[in-house]
Amino acid sequence: MAATLTHLGAQGEANMVDVGDKEETTRTAIAEGFVSMQPETLKTILAGNAKKGDVLGTARIAGIMAAKKTHELIPLCHPLLLTKVSVDIEPDHALPGLKVTALARVTGKTGVEMEALTAASVACLTIYDMAKAVDRAMVISGIRLVEKTGGKSGDYKADA
């Protein structure tokens with residue numbers, strides 16, 4: 001059986017999915033993204049010497065705030081009472097750059113994949129914004145869902 005798009009009505013019109021009859025479960029999603037940059041840019045960020053301030057701390061908070069506002073950004077997302085959002089940012093000297101990992105959790109009737117993806121995306125955008133004065137060639141890439149648990153559709157884990 002082919003999967004169907006849940007946000008489309010019978011005539012193809014966009015609609016918000018009715019989750020009223022769904023069971024409440026604990027649902028968790030993890031997303032990631034990467035910001036590639038010049039080695040000197042990475043050194044500047046890690047040393048805390050960016051002109052705009054604490055890049056990593058600001059990006060972390062921006063990602064958390066974005067997860068909480070996902071329903072305001074993505075038209076058909078349900079507003080959720082998130083129970084946990086975390087954003088971790090680690091240097092990846094092989095890129096060179098930064099790896100962003102966002103986790104979102106809720107006990108509710110719908111998943112948190114979009115919240116995790118939004119958190120990772122906005123954290124990456126914030127890194128770019130705060131360091132663009134020294135490196136406009138930074139590249140944001142690899143934003144994807146890494147894992148999700150809970151809900152009717154079951155668990156998902158991306159291939160490595």
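Scroll up to find the structure.
Residues numbered from 1 in each chain as written. Predicted model: local features only at pLDDT ≥ 70, side-chain atom pairs only at ≥ 80, totals over all residues. Heavy atoms only, no water.

1. What about the overall build of the protein chain?
Stage number 1. Summing up its helical and strand segments, the protein chain has four helices and five strands in all.
Stage number 2. Going from the N terminus to the C terminus, the protein chain shows its helices and strands as β-α-α-α-β-β-α-β-β.
Stage number 3. By its C-alpha atoms, the protein chain is 50 × 30 × 30 Å across when sized along the principal axes.
Stage number 4. Across the 160 residues in the protein chain, those meeting the buried criterion constitute 39%. (Helix = DSSP H or I, 4+ residues; strand = E, 2+ residues; numbered from the N terminus. Buried < 20%, exposed > 50% of the residue type's maximum accessible area, 1.4 Å probe, protein only.)

2. Here we look at the pairing of strand S3 (residues 97-108)
A regular strand places its side chains so that they alternate between the two faces of the sheet.
Stage number 1. Examined bridge by bridge, strand S1 (residues 25-36) and S3 share twelve bridges and lie antiparallel to one another. Bridge pairing in S3 places Ala31 opposite Ala102.
Stage number 2. Across nine bridges, the pairing between strand S2 (residues 84-92) and S3 is antiparallel. Pairing of Val85 across the sheet is with Ala104, part of S3. (Pairing = 2+ DSSP bridges.)

3. A short note on the packing of helix H2 (residues 55-68) against helix H4 (residues 113-131)
Stage number 1. Two elements in contact, H2 and H4, have axes whose closest approach is 7 Å; the angle formed by their N-to-C orientations is 145°. Considering how the two elements wind past one another, H2 and H4 form a crossing that is right-handed. When H2 is examined against H4, the residues Val55, Thr58, Ala59, Ala62, Gly63, Ala66 and Ala67 are found in contact with a partner set consisting of Glu115, Thr118, Ala119, Val122, Ala123, Thr126, Ile127 and Met130.
Stage number 2. In terms of residue class, the contact of H2 with H4 is built from ten nonpolar, four polar and one charged. (Axes fitted to C-alpha atoms, helices over the stretch in contact; angles between N-to-C directions. Left-handed = near helix turned anticlockwise from the far one by under 90°. Contact = heavy atoms within 4.5 Å. Nonpolar A, V, L, I, M, F, W, Y, C, P; charged D, E, K, R; others polar.)

4. Points about a nonpolar patch on the surface
Stage number 1. Where nonpolar side chains cluster on the molecular surface, the patch consists of Leu125, Ile140 and Ile143 and spans about 230 Å² of accessible area.
Stage number 2. Along the polypeptide, Ile143 turns up in strand S4 (residues 139-149). (Patch = residues over 30% accessible without salt bridge, like charges linked within 9 Å, V, L, I, M, F, W, Y side chains within 5 Å. Areas by Shrake-Rupley, 256 points an atom, 1.4 Å probe, with all protein chains shown as cover. Salt bridge = Lys/Arg side-chain N within 4 Å of Asp/Glu carboxyl O.)

5. Quick look at the nonpolar core
Stage number 1. One finds Met37, Ile45, Val87, Ile89, Leu98, Val100 and Ile127 to be the most contacted residues of the largest nonpolar core, which totals 31 residues.
Stage number 2. Of all the secondary-structure elements, those providing two or more residues to this core are S1, helix H1 (39-47), H2, S2, S3 and H4.
Stage number 3. No other element matches H4, which puts nine residues into this core.
Stage number 4. Once residues lying within four places of it in the same chain are set aside, the contact partners of Val100 are Ala31, Glu32, Gly33, Val87, Asp88, Ile89, Ala120, Ala123, Cys124 and Ile127. (Core = buried A, V, L, I, M, F, W, Y, C linked by side-chain atoms within 4.5 Å.)

6. Looking at H1
Stage number 1. For H1, the full list of buried residues reads Thr41, Leu42 and Ile45. Buried residues of H1, seen end-on, are gathered within an arc of 100° and therefore sit on one face of the element. What points out from H1, more than 90 degrees from its buried face, is the exposed set Glu40 and Lys43.
Stage number 2. Each element contacted by the buried residues of H1 is listed here: H2, S2, S3 and H4.
Stage number 3. One or two steps after H1, the chain reaches Gly48, where phi turns positive at roughly 75°. (Arc of directions from axis to C-beta.)

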